[in-house]
Amino acid sequence: MSAAAEIFVSALIVIGAVFTLVGSWGLVKLDAPMSRLHAPTKAGTLGVGSVLMASMCYAFIWRDGSAHELLITAFLFVTAPVSAMLIAKVAIFRRTNVQELPPPPTDTTWATHDTGERAIKSSSASENRGGNTATPG
Amino acid sequence: MITYALYFAFTAVGLSLLLAMWRLLIGPDVGDRVLALDTLAINAVALIVLYGIYAQTQTYFEAALLIAMLGFVSTVAYARFVLRRDVIE
């Protein structure tokens, strides 16, 4: 029982560490901003989630059990898509010209560039940057 | 056995912190730097939780939770600042 539990907790720790390392390695290695966005989100959910599972299992098996690591897991699972979406919007906003984007399906402009009166300033600023080659989507 | 797994995990997470720091330094655009900061915060959470297992104490849980929350809030603030040149409208 104890040996199996040790193997289980060690496997969880190693899996979490490997996923964290792979996420950061992908962050350095991949060459496009959207691809770079892809890698660390795995570290955020699988890597840290697995380490927190290991901590919880360790506490339940050898200490007086506590499940408050679930708070961090739930918080990361809720917030990771939000921050990933915002960083993707930043990548779109910085890398594309407004004129190069295809027309949006329903609205007059894409939400990333819809900033009220600031839209004029930011669109002219992105023109001054000379546009870019990255295609949206 | 858990000790050796923890040593491996410390090495791996420390290495990933260095890799994220490298992307933070060389990041060609501000979005990459924001992403690197977010990754640094998440890796710091993993490192603190691992140290909590290693030290056999629950003391470091609050620090991990606080860093997770502050990392998210700072990521959102940076991204909003880049998008709108303003954080609170």
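Note that the coordinates shown come from a computational prediction; the quantities given were computed from them, not determined experimentally. Numbering of residues begins from 1 in every chain and follows the order in which that chain's sequence is written. Following the order in which they are written, the chains are lettered starting with A and the ligands numbered starting with 1. Only residues with pLDDT of at least 70 are given local features in this predicted model, and only at 80 or more are side-chain atom pairs given and counted; all residues enter the totals for whole chains, interfaces and linings. In computing side-chain values, all of the structure's heavy atoms are included and hydrogens and water are not.

The next point concerns the overall build of chain A. Elements are defined by DSSP. Helices are runs of H or I of four residues or more, strands are runs of E of two residues or more, and each kind is numbered from the N terminus. Scanning chain A from terminus to terminus reveals 4 helices and 0 strands. Written out in order from the N terminus, the α and β elements of chain A read α-α-α-α. Note on classification: 1.4 Å probe, protein chains only; a residue is buried when its accessible area is under 20% of the maximum for its type, exposed when over 50%, partly exposed between these limits. The buried share of chain A, taken over its 137 residues, is 42%. Only the protein chains shown count as cover for residues, and the accessible areas themselves come from Shrake-Rupley with a 1.4 Å probe. Carbon together with sulfur atoms contributes 66% to the accessible area of chain A, which is approximately 7200 Å² in total.

Moving on: empty space enclosed by the protein. Residues are said to line a cavity or pocket when one of their atoms sits within 4 Å of a point; the points come from a 1 Å grid over protein atoms alone, cavities being sets where a 1.4 Å probe fits but cannot get out and pockets being open sets with protein on both sides within 12 Å along at least five of seven lines. Grid points are joined across faces, edges and corners, and a volume is the space filled by probe spheres set on the points. Taken as a whole and judged by the stated rule, the model has 2 cavities of 30 Å³ or more. Computed from the structure, the largest cavity encloses a volume of approximately 180 Å³. Taken together, 18 residues form the lining of the largest cavity, with Leu76, Ala80 and Ser83 of chain A together with Asp38 and Ile42 of chain B sitting closest to its centre. Within the residue set of the lining of the largest cavity, elements represented by two or more residues are α2 (33–62) and α3 (69–95) of chain A together with α2 (30–55) and α3 (61–84) of chain B. Top contributing element to the lining of the largest cavity by residue count: α3 of chain A, with 6 residues. Residues that form the lining of the largest cavity fall into these classes: 11 nonpolar, 6 polar and 1 charged. A volume near 70 Å³ is recorded for the second largest cavity. Together, Pro33, Met34, Leu37, Ile87, Ala88, Ala91 and Arg95 of chain A together with Asp29, Gly31, Asp32 and Leu35 of chain B line the second largest cavity. Secondary-structure elements contributing two or more residues to the lining of the second largest cavity are α2 and α3 of chain A together with α2 of chain B. Looking at which element gives the most residues to the lining of the second largest cavity, the answer is α3 of chain A, with 4 residues. Any residue outside Ala, Val, Leu, Ile, Met, Phe, Trp, Tyr, Cys, Pro, Asp, Glu, Lys and Arg is labelled polar, Gly included; the first ten of those are nonpolar and the last four are charged.

Here we come to the pattern of salt bridges. Working definition: two side chains of opposite charge can pair if their charged atoms are close together. A carboxyl oxygen of Asp or Glu within 4 Å of a side-chain nitrogen of Lys or Arg is what we treat as a salt bridge. Tallying each qualifying case throughout the model produces 1 salt bridge over all chains. Here Asp32 of chain B and Arg36 of chain A are joined by a salt bridge, their closest N and O atoms 2.9 Å apart. Here the residue Asp32 of chain B occupies a position in helix α2, and Arg36 of chain A occupies one in helix α2, the pair thus bridging two chains. We note that Asp32 of chain B, like Arg36 of chain A, is buried.

On to the confidence of the model for chain A, then. Residues and elements named next belong to chain A. Per-chain confidence: chain A averages 77 in pLDDT, with 72% of residues scoring 70 or above. Across chain A, helix α1 (residues 2–29) holds the top mean pLDDT of 90, while helix α4 (residues 118–128) sits lowest at 49. The low-confidence segment residues 117–122 (pLDDT under 50) makes 6 contacts with residues lying over four places distant or belonging to another chain. The predictor rates its confidence in each residue with pLDDT, a number between 0 and 100. Any pair of residues with heavy atoms lying within 4.5 Å of one another is described as a contacting pair. Confidence over residues 127–137 falls short of pLDDT 50; this stretch has 12 contacts with residues more than four positions distant or in other chains.

With 48 residues of chain B at the interface, the matching set in chain A holds 52 residues. Buried area is understood as the total, over both parts, of accessible area removed when two parts are fitted together, assessed with a 1.4 Å probe. Of the roughly 4500 Å² buried between chain B and chain A, counting both surfaces, carbon and sulfur atoms make up 75%. When residues of chain B are sorted by the area they lose upon contact with chain A, Ile2, Leu35 and Leu83 of chain B head the list and together hold 14% of the total. Linking chain B with chain A are 1 salt bridge.

All names here are of chain B. To define axes, lines are fitted to C-alpha atoms, for helices over the stretch in contact only, and angles between the resulting N-to-C directions are given on a 0 to 180 degree scale. It is the contact of α2 with α3, at a shortest axis distance of 9 Å, that shows an interaxial angle of 175 degrees. For the element pair α2 / α3, the angle class is roughly antiparallel. On the side of α2, the interface is formed by Val30, Val34, Leu37, Asp38, Ala41, Ala44, Val45, Ile48 and Val49, while α3 contributes Ala63, Ala64, Ile67, Ala68, Gly71, Thr75, Tyr78 and Val82. Along the lines of polarity and charge, the residues of the contact of α2 with α3 split into 14 nonpolar, 2 polar and 1 charged. Between 65 and 115 degrees an angle is taken as roughly perpendicular, under 35 as roughly parallel, over 145 as roughly antiparallel, and anywhere else as oblique.

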